[in-house]
Each structure stands twice: as structure tokens, then as C-alpha cells.
Amino acid sequence: MTTYPWLSKAATWCSDRLPLDALRRFAEGKSVPRHKHSFWYYFGGLTLFFFSVQVVSGILLALSYEPSPEHAYESVVSIVNEQMHGWFIRSVHSWSANLMVAMLFIHMFSGFLMKAYRRPRELMWISGTVLLLLVLGFGFTGYLLPWDTTAYFATLIGTEVPKSLPLVGTWGVELLKGGEEIGGRTLARMYSMHVIVLPLITIMVVSFHLLLSQLSGSSIPVGTEVRKPPIRFFPNFLYRDFISWGLGFIALVVLACMLPWGLAEKADPFASAPPGIRPEWYFWPLYQTLKMVPAQIFTLNGEMLVNALVGLLIVFWLAVPFIDRRSARERPSPVFTAIGLGAILYIVITIGLAYAG
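Residues numbered from 1 in each chain as written. Predicted model: local features only at pLDDT ≥ 70, side-chain atom pairs only at ≥ 80, totals over all residues. Heavy atoms only, no water.

### Overview of the overall build of the chain
Then step 1. If you tally the helices and strands in the chain, you get 13 helices and four strands.
Then step 2. The C-alpha atoms of the chain give 23 Å as radius of gyration, which agrees with the globular expectation for 357 residues (21 Å, within 12%).
Then step 3. Counting only C-alpha atoms, the chain reaches 70 × 55 × 35 Å along its principal axes.
Then step 4. Per-residue burial over the chain gives 38% buried out of 357 residues.
Then step 5. A fraction of 80% describes how many contacts in the chain between residues 6 or more apart in sequence connect residues 24 or more apart.
Then step 6. Counting only carbon and sulfur atoms, one obtains 70% of the accessible surface of the chain, whose full area is about 20500 Å².
Then step 7. Across the chain, 27 positive and 21 negative side-chain charges occur, with their mean positions spaced 17 Å apart. (Helix = DSSP H or I, 4+ residues; strand = E, 2+ residues; numbered from the N terminus. Rg over C-alpha atoms; globule rule 2.2 N^0.38 Å. Buried < 20%, exposed > 50% of the residue type's maximum accessible area, 1.4 Å probe, protein only. Contact = heavy atoms within 4.5 Å. Areas by Shrake-Rupley, 256 points an atom, 1.4 Å probe, with all protein chains shown as cover. Lys, Arg positive; Asp, Glu negative; His and termini not counted. Charge placed at Lys NZ, Arg CZ, Asp CG, Glu CD.)

### Focus on helix 4 (residues 72–81)
Then step 1. If you check which residues of helix 4 are buried, you get A72, Y73, S75, V76, S78 and I79.
Then step 2. In this fold, the buried residues of helix 4 make contact with helix 3 (42–62), helix 5 (86–113) and helix 9 (184–216).

### A closer look at unusual backbone geometry
Then step 1. For the bond running from R119 to P120, omega is 10 degrees, close enough to zero to count as cis.
Then step 2. Looking at the secondary structure, you find P120 in the loop between helix 5 and helix 6 (122–143).
Then step 3. Look at the link from F234 to P235: it is a cis peptide, with omega at 5 degrees.
Then step 4. The topology assignment puts P235 in helix 10 (residues 233–258).

### Some words on a nonpolar patch on the surface
Then step 1. Residues Y239, I243, L247, F249, I250, V254, M258 and L259 make up a contiguous nonpolar surface patch of about 860 Å² in total accessible area.
Then step 2. Tracing the backbone through its elements, the reader meets L259 in the loop between helix 10 and helix 11 (284–292). (Patch = residues over 30% accessible without salt bridge, like charges linked within 9 Å, V, L, I, M, F, W, Y side chains within 5 Å. Salt bridge = Lys/Arg side-chain N within 4 Å of Asp/Glu carboxyl O.)

### Thoughts on the side chain of H209
Then step 1. Tracing the backbone through its elements, the reader meets H209 in helix 9.
Then step 2. From its side chain, H209 meets the backbone oxygen of M124 in a polar contact 3.2 Å long.
Then step 3. When near neighbours in sequence (up to four residues on either side) are disregarded, H209 contacts H107, M124, S127, G128 and L131. (Polar contact = N/O pair within 3.5 Å; in protein donor to acceptor, adjacent residues only side chain to side chain.)

### What to know about the environment of V335
Then step 1. One can find V335 in helix 13 (residues 334–356).
Then step 2. Relative accessible area serves as the criterion here: at 55%, V335 is assigned to the exposed category.
Then step 3. Separated by 11 residues in the primary sequence, V335 and D324 have C-alpha atoms spaced 9.6 Å apart.

### Side note on the side chain of D324
Then step 1. For D324, the location among the structural elements is in the loop between helix 12 (302–323) and helix 13.
Then step 2. Within the structure, the side chain of D324 is placed 3.4 Å from the side chain of R118, a separation counted as a polar contact.

### What to know about the nonpolar core
Then step 1. Ranked by size, the top nonpolar core spans 35 residues in total, and within it F50, F105, M108, F112, W125 and L252 carry the most contacts.
Then step 2. Contributions of two or more residues to this core are made by helix 3, helix 5, helix 6, helix 9, helix 10 and helix 12.
Then step 3. For this core, the leading source of residues is helix 5, giving 11 residues.
Then step 4. Membership of the second largest hydrophobic core comes to 16 residues, among which are A72, L144, I182 and Y191. (Core = buried A, V, L, I, M, F, W, Y, C linked by side-chain atoms within 4.5 Å.)

### Some remarks on the pattern of salt bridges
Then step 1. In the structure shown here, the tally under the stated rule is three salt bridges.
Then step 2. Measuring nitrogen to oxygen at the nearest pair gives 3.0 Å for the salt bridge that ties E74 to K266. On the criterion of sequence distance, the pair formed by E74 in helix 4 and K266 in the loop between helix 10 and helix 11 is long-range, its members being 192 residues apart.

### Description of the packing of aromatic side chains
Then step 1. Scanning the entire structure with this criterion turns up 26 aromatic pairs.
Then step 2. Ring geometry for F39 against F43: centres 5.4 Å apart, planes inclined by 80 degrees, an arrangement best described as edge-to-face.
Then step 3. A centroid spacing of 5.9 Å and a plane angle of 45 degrees characterise the contact between F112 and W125, whose relative ring orientation is tilted. Within this pair, whereas F112 is found in helix 5, its partner W125 is found in helix 6, the two being separated by 13 residues in sequence. You'll find F112 and W125 in the same group, each marked buried.
Then step 4. Each residue in the set F109, F112, Y117, W125, F316, W317 and F336 is aromatic and connected to the rest through ring pairs, giving one cluster. (Phe/Tyr/Trp six-rings, centres within 6.5 Å; stacked < 30°, edge-to-face > 60°.)

Structure below.
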């Protein structure tokens, strides 16, 4: 058997300076409960995996991207057509963003239905909700960066949505745009938020969320029969997590190769918006709701009511652990189960209507 003395010395050197043995003992002492709903635990890891892909592929794209209206589109064309494997990196970045959002939605709603927000995991739920908002922020700020027709007019429509909100609406739109129109300042601000502000905040919140996950452990749904013995987190559960990451990577590569991400014509601010412009699929519930709600409800602006309702729903989602105050051992709450199932049904229906329309 071949030995590598330098590797042993390097491990000893690191062990003398870092608490690696303590971390290993902590990981080995942790376990993950086994029950009929254990399958849902893996979606949190898959969300983290696709976020990691986003970081790596985003850094590679940023090396060749130029955030200006004059050169943004041409730089993307150069990445796709001239850079080595540039088309693949861009497709991986775009598809992993969509898969990350999908995994995050599954992770969040499975946690909601399993009542994983209950004491003592309130902060885990709040940090997870904040991560959902940050991920949606990534999707919104990144959509304009290619500076093609679809991205330009979808962002033009999207930035006008919060304008109907009293007090903060006009200020928020001007903050996003950097002026009255979408132009160089808008692109610079979207780029800065997409590659600097949001990643820094997200990394901090993800680290906090993972720390809480390790300290609190996995939640067990109320009334679920737990199988014995539990799965050791290290290395057994971590090994299974890696298998799910491998399957996610295979799905990502297949999508990136079989359905490479497209690019429309360069944006022309003076042209008319092409028909069928709409945001990414994860904004379709809001998009479809705005289409269904009348422009005027009695004396109130319909768009303002929808925006106010979205704000109230976010506050409610953050406050769920403090409304359903039962402990993790107490009986289930059918009202909150119905709320979760109703929310899933509404999202599926509105996405279907938006797709069909």
C-alpha cells in the first residue's frame, strides 16, 4: 500500500491549528431520524448544491461579462459563441438557477407541511424564508443582465409592479432603475446587487441556517413512527446527500446540453414590447394574479391591493412559528396543513394558467 508522508504531515499541521477532531466528533455524534417522510430531507442539500453551482458558474461568467448597455449583449454573445465551453457554462448557470428555486420551494413547503417551523426551530424557519426572498431577488436582478429584448421588457414591466404601493412604491422603483428609465444605471445596479450585495447576504444567511440545522437537528413530523436506529449524519447521511447531488448534477448537465439557454435579439429601448413577454416561471403566480385582478376594485387600485396582499403574506409566512405555537411533540394543526396545501394548489394553478396564456 502506497503511503504519502506529506499528506499525513499536512493533516497533522491542520489538526494542530484547526478544531478538526472536534468537528469530526460532533458530526459523528449527530444522527438523522428515519421515517416515511425522510425523503424530503434531501431537498435542502440539493438547494445548497445548486446554489454552489450558481456561485462557481457565476464567477466564470463574470470574468467575461461587461455590465454596460453598449457591451452587455455583445459580451454574452462572445461568451456563448467564442469562449471555450461558454455556452455550456451559461446554460448551467441558468438551469441551476431554475432548479435551485424549484428545490427551495419543495424544501420550504415540505418543511411547512411537516411543521418543521415549531419550537425550537423558529429561527431556522425565518432564515429559510429570508433565503427564499434572496433567491427570488437573484432571479429578478439577473434577468436583465443579458440585455436582450425579453430581459429588457420583462424588467421594464417588473420594475413598475411595486409603483402602486403607497409611500415606498415610487421610491423603490427609482432605487431599482437609478432614474426614470431603464438604462446604464439600472444595469449597473442590477449587476452590483446580483454579484456583490445578494451573494454576501446570502452566504451569511446560509451559514446561519446551516449552523441552526446542525444544532437543532432534523424535525420529525407529528405522529410519525420513527424507525430504529437513526442514520448517522457522518458519514452515512452525508454519503446519501452526495448521491442526491450526483443525480442533481446529471439532471443539470442533461438539461444544459439538450436545452441550451437561448438569447433573443439585443434590446432596443425605442422598439415596442414584443407579444408574450413574461417573467421567469417562479414569478408567474404574481404575474397571473395581477392579470386576473380587476384594475379597480370599488375605489381601490387592484394592483396596489395585490402588492399589499403579497406583503402581508410574507409577514404571515415569517410569523408562522409564532402563530402555530405548539411544540414539535404536540398534535398536528390541520388549519396550517390546509393553508400549505392551498398555497401549493394556487401556485400550481396560476403557473399553469400563465403557461397556457
